[in-house]
Amino acid sequence: MEQPPRCQFTVIFFIIISLSLGLISFILCVAAEMKRNKEEDIRWNGKLCYLPSSKAFGLGIAALVSFFLAQIIGNFILLKYSCSRGKSKSQYKMPPIAKVLLLISWVSFGIATILLVVATSMNRRQAYRVGWLNGECYIVKGGTYAGSAILVLVAVGSGNGSAFSTIKSTQPNKDKKIHKQIGVIL
């Protein structure tokens with residue numbers, strides 16, 4: 001059975017949305033890397049430190065939100081086509097490449113999320129005596145947001161690649177035709 005064109009358009013639409021959100025998250029991570037707090041932003045009064053909030057805090061939150069949405073949409077497409085209504089679970093087997101890509105996607109998603117959450121929380125205002133942890137001020141190390149940006153691309157790309165490979169494997173093969181044998185075997 002062939003899928004109706006409307007379903008194929010919907011899948012392509014969702015893949016484009018997921019990739020767009022991933023690209024937005026990538027751009028926001030790069031912008032946060034440029035706007036993060038630097039060492040010269042620390043104010044020190046001899047015993048205590050103070051670090052003002054930076055624009056990287058808002059950019060990091062926006063990057064996290066768009067990254068979560070991209071991952072949810074990409075996995076929705078994968079689940080929709082790996083557990084489709086027309087196929088029973090006993091007949092359908094997810095291709096090995098889709099499984100590998102899905103694993104890469106989720107590992108990258110987990111690491112990127114941890115990096116983004118920690119780096120974003122460090123770019124919030126760190127007041128005197130409060131700091132980020134135990135009254136001490138911390139600065140995001142250079143390259144943390146850039147590393148997160150690369151992991152965002154890996155996660156979104158491999159998640160959508162997994163969904164795409166699953167969709168391709170569920171479509172019927174039009175080139176192969178089975179002809180009925182006519183004749184009598186003696």
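Residues numbered from 1 in each chain as written. Predicted model: local features only at pLDDT ≥ 70, side-chain atom pairs only at ≥ 80, totals over all residues. Heavy atoms only, no water.

Taken directly from UniProt, the Sequence similarities (unreviewed entry) text for the protein chain runs: "Belongs to the DESIGUAL family." Annotation of the protein chain in UniProt includes, under Subcellular location (unreviewed entry), the sentence "Endomembrane system". (UniProt positions renumbered as here; feature names shortened; annotations may be inferred.)

Draft legend 1. Inspection of the overall build of the protein chain at higher detail. Along the backbone of the protein chain there are four helices and two strands. Order of helices (α) and strands (β) in the protein chain, N terminus to C terminus: α-β-β-α-α-α. For the protein chain, buried positions account for 36% of its 186 residues. Counted over contacts in the protein chain with a minimum sequence separation of 6, partners at least 24 positions apart contribute 83%. For the protein chain, the computed accessible surface area is about 12100 Å², with 66% contributed by carbon and sulfur atoms. (Helix = DSSP H or I, 4+ residues; strand = E, 2+ residues; numbered from the N terminus. Buried < 20%, exposed > 50% of the residue type's maximum accessible area, 1.4 Å probe, protein only. Contact = heavy atoms within 4.5 Å. Areas by Shrake-Rupley, 256 points an atom, 1.4 Å probe, with all protein chains shown as cover.)

Draft legend 2. Structural view of the UniProt feature "transmembrane region" (unreviewed entry) in the protein chain. Sites flagged by UniProt as "transmembrane region" (unreviewed entry) map to residues 12-34, 54-79, 100-122 and 142-167. Taken end to end, residues 12-34 is 100% helix and 0% strand, and its first and last C-alpha atoms sit 33 Å apart.

Draft legend 3. Structural context of the environment of Asp-41. With respect to the helices and strands, Asp-41 occurs in the loop between helix H1 (5-35) and strand S1 (43-44). A relative accessible area of 28% places Asp-41 in the partly exposed class. Leave out the neighbours within four places in its chain, and Asp-41 touches Tyr-50, Leu-51 and Pro-52.

Draft legend 4. Spatial organisation of the nonpolar core. In terms of nonpolar packing, the biggest core is built from 29 residues, with Cys-29, Phe-67, Ile-77, Leu-116 and Tyr-145 touching the most fellow members. For this core, the elements supplying multiple residues, two or more each, are H1, helix H2 (55-82), helix H3 (96-122) and helix H4 (144-170). For this core, the element with the most residues is H2, which contributes eight residues. Among residues more than four places away in sequence, those in contact with Leu-116 are Cys-29, Leu-64, Phe-67, Tyr-145 and Ser-148. (Core = buried A, V, L, I, M, F, W, Y, C linked by side-chain atoms within 4.5 Å.)

Draft legend 5. Fine view of the packing of aromatic side chains. Scanning all chains against the criterion turns up five aromatic pairs. Ring geometry for Trp-106 versus Phe-109: centroids 5.2 Å apart, planes at 80°, classification edge-to-face. With Trp-106 and Phe-109 both in helix H3 and three residues apart, this pair spans about one turn of that helix. Cluster of aromatic residues (ring-pair linked, three or more members): Phe-67, Phe-68, Trp-106 and Phe-109. (Phe/Tyr/Trp six-rings, centres within 6.5 Å; stacked < 30°, edge-to-face > 60°.)

Draft legend 6. How the structure looks around the pattern of salt bridges. Counted according to the given criterion, the structure contains one salt bridge. Residue Glu-33 is joined to Arg-36 by a salt bridge in which the shortest nitrogen-to-oxygen separation is 3.2 Å. Judged by relative accessible area, Arg-36 falls into the buried class, the value being 15%. (Salt bridge = Lys/Arg side-chain N within 4 Å of Asp/Glu carboxyl O.)

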